[in-house]
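The chain contents come next:
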Amino acid sequence: MIIKDAINDLKTGSVFPIYYLKGGDQFLQSFFIQKVSETFFGDLPEEKTLMLPDDMKGKEILDRLTMSDLFASKKLFILRDPQQIKGKVGDDLLAYCRKPMSNHVLVLINDDWMKKAAFFTHLEKITDPINTQTPFSPDINKWANYFFKERGKGVHSSVVNIMVEMAGDSVAHLNNEIEKVCLWAGNRPTIEAKDIEMFSGWKRERQRWEFLFALGNKDFPKAISLGKTIITSNDTMIALLYPLTTMFTEMLFVKMKNGTFTEPHGYMPIPPSVKKRISYFSRGFTIAELESALNELSKIDKRQKTTFSHDETELIQFIGHVIG
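Everything numeric in this text was worked out from a predicted model, so none of it was measured.

K.L.:
Would you mind going over a nonpolar patch on the surface with me for this structure?
P.N.:
Residues Phe 253, Met 256 and Ile 287 make up a contiguous nonpolar surface patch of about 290 Å² in total accessible area. Of note, Ile 287 is situated in helix H15 (residues 287-306). Note on Ile 287: relative accessible area 34%, which makes it partly exposed.

Below, the structure written as structure tokens:
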């Protein structure tokens, strides 16, 4: 099930006693659990309990689930990695999922989408899993629209595209930046591009993805020009190491797989537009060039942490080494 469909069900006041979240995006997990909590408890005090099989025995977890007080108080339980509960207690947990208590809500979380544990096979026969994997384009654009709508703001698709380029490397980052822009706009019902450009971070992020484009396209003059601008006004070499290493690592993977780029199932600290062009960028590099670039980044990382290193010199020399 798509997570937004499950959230729409909550908006009608429908709360189910069992939810199964499948996918490791921590923000989406927390976001959905909070929506469940708001609908389930309403104006009542929230009573949430996180249960971890690493810290609690299976019997204690089951006892908490099945214990009800005299007033049948509402309780919300979050259980991570339920597949770790083995044997009869694991069977009892599945039995509880089939016949849960009406005044309790249980959210079971499986971070690994690919995990094939028998427990999850049985669980999916009881309840549909809700997809909490990190979304990718075009779903990330849908989340941007959703976050604006949640805050009562109208936006043009071009503004959504700008926000995704600036902060679409994760749902959490995107939500935070949209929150800032909406607060800045105050009571105005619409968000415009100029609202986004008021933030200093916007200029830095735009220059960063343009710089990564120039590197990927082997545009030496533009890479040098943007590199100097970024490093002298908005960024540091340490901050650039992570996205640079990610981009060249992904390009190397594509090269080793004969040009096939599979959308990664985890966080990548590069803008979606750069991510889309990884396969295209890789065609302009040999495996030896990509390995050399990664070796150079590793050397820069060591120098940054152990000796005095001048950011502008490091970046310009790296650009020259890779595409000069």
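There is more to say after this.
K.L.:
Help me understand the pattern of salt bridges in this model?
P.N.:
Pairing is possible between side chains of opposite charge, provided their charged atoms come close. Using the criterion set out here, one finds 14 salt bridges in the structure. In this structure, Glu 46 engages Lys 48 in a salt bridge whose closest nitrogen and oxygen atoms are separated by 3.6 Å. When the shortest N-O distance is used, the salt bridge between Arg 64 and Glu 60 registers 3.3 Å. Placement of the pair is Arg 64 and Glu 60 together in helix H3 (residues 58-66), with a separation of four residues, close to one helical turn. On the accessibility criterion, Glu 60 (35% relative accessible area) is partly exposed. Salt bridges sharing partners connect three or more residues here, namely Lys 11, Lys 35 and Glu 150.

K.L.:
How should I be thinking about the nonpolar core in this particular structure?
P.N.:
Generally speaking, a soluble globular protein has its nonpolar side chains buried in company with each other. By size, the foremost hydrophobic cluster in this structure holds 40 residues, and its most contacted members are Phe 32, Trp 143, Phe 147 and Leu 174. Of all the secondary-structure elements, those providing two or more residues to this core are helix H1 (3-11), strand S1 (18-22), helix H2 (26-41), strand S3 (75-80), strand S4 (104-110), helix H6 (139-150), helix H7 (157-167) and helix H8 (171-185). Counting residues per element, this core draws most heavily on H2, at eight residues. Filtering out sequence-adjacent residues up to four positions away, Phe 32 remains in contact with Ile 3, Ala 6, Ile 7, Leu 10, Tyr 19, Leu 21 and Ile 130. Counting residues in hydrophobic clusters, the runner-up holds 34 residues, among them Ile 224, Leu 252, Val 274 and Phe 318.

K.L.:
Any chance you could explain the packing of helix H4 (residues 87-98) against helix H5 (residues 118-126) here in plain terms?
P.N.:
Where H4 meets H5, the axes come as close as 10 Å, and the angle between the chain directions of the two elements is 15 degrees. With respect to their mutual orientation, H4 and H5 come out roughly parallel. Crossing handedness for the pair H4 and H5: right-handed. Mapping the contact onto sequence places Gly 90, Leu 93, Leu 94, Cys 97 and Arg 98 in H4 and Phe 119, His 122, Leu 123 and Ile 126 in H5. The residue makeup of the contact of H4 with H5, split by class, is six nonpolar, two polar and one charged.

K.L.:
Help me understand the layout of surface pockets, please; the structure alone is not making it clear to me.
P.N.:
One water molecule sets the probe size; rolling that probe over the atoms shows where empty space is left. Approximately 210 Å³ is the volume attributed to the second largest pocket. Lining the second largest pocket are 15 residues, and of these Phe 16, Ile 18, Tyr 19, Thr 127 and Asp 128 lie nearest its centre. Ranked by the residues each element gives to the lining of the second largest pocket, the list is headed by H1, at three residues.

K.L.:
Would you take a moment to explain the packing of H2 against H6 for this structure?
P.N.:
How two helices pack is summed up by the angle between their axes together with the distance between the axes. Where H2 contacts H6, the axes come no closer than 15 Å and their chain directions differ by 35 degrees. Between H2 and H6 lies a crossing whose hand is left-handed. Facing Phe 27, Leu 28, Phe 31 and Lys 35 of H2, the residues of H6 in contact are Trp 143, Tyr 146, Phe 147 and Glu 150. For the contact of H2 with H6, the residue count by class is six nonpolar, no polar and two charged.

About the criteria used
- Residues numbered from 1 in each chain as written.
- Predicted model: local features only at pLDDT ≥ 70, side-chain atom pairs only at ≥ 80, totals over all residues.
- Heavy atoms only, no water.
- Patch = residues over 30% accessible without salt bridge, like charges linked within 9 Å, V, L, I, M, F, W, Y side chains within 5 Å.
- Areas by Shrake-Rupley, 256 points an atom, 1.4 Å probe, with all protein chains shown as cover.
- Salt bridge = Lys/Arg side-chain N within 4 Å of Asp/Glu carboxyl O.
- Helix = DSSP H or I, 4+ residues; strand = E, 2+ residues; numbered from the N terminus.
- Buried < 20%, exposed > 50% of the residue type's maximum accessible area, 1.4 Å probe, protein only.
- Core = buried A, V, L, I, M, F, W, Y, C linked by side-chain atoms within 4.5 Å.
- Contact = heavy atoms within 4.5 Å.
- Axes fitted to C-alpha atoms, helices over the stretch in contact; angles between N-to-C directions.
- Parallel < 35°, antiparallel > 145°, perpendicular 65-115°, else oblique.
- Left-handed = near helix turned anticlockwise from the far one by under 90°.
- Nonpolar A, V, L, I, M, F, W, Y, C, P; charged D, E, K, R; others polar.
- 1 Å grid on protein atoms, 1.4 Å probe; cavity = no way out; pocket = protein on both sides within 12 Å on 5 of 7 lines; lining within 4 Å.
- Points joined across faces, edges and corners; volume = space filled by probe spheres on them.

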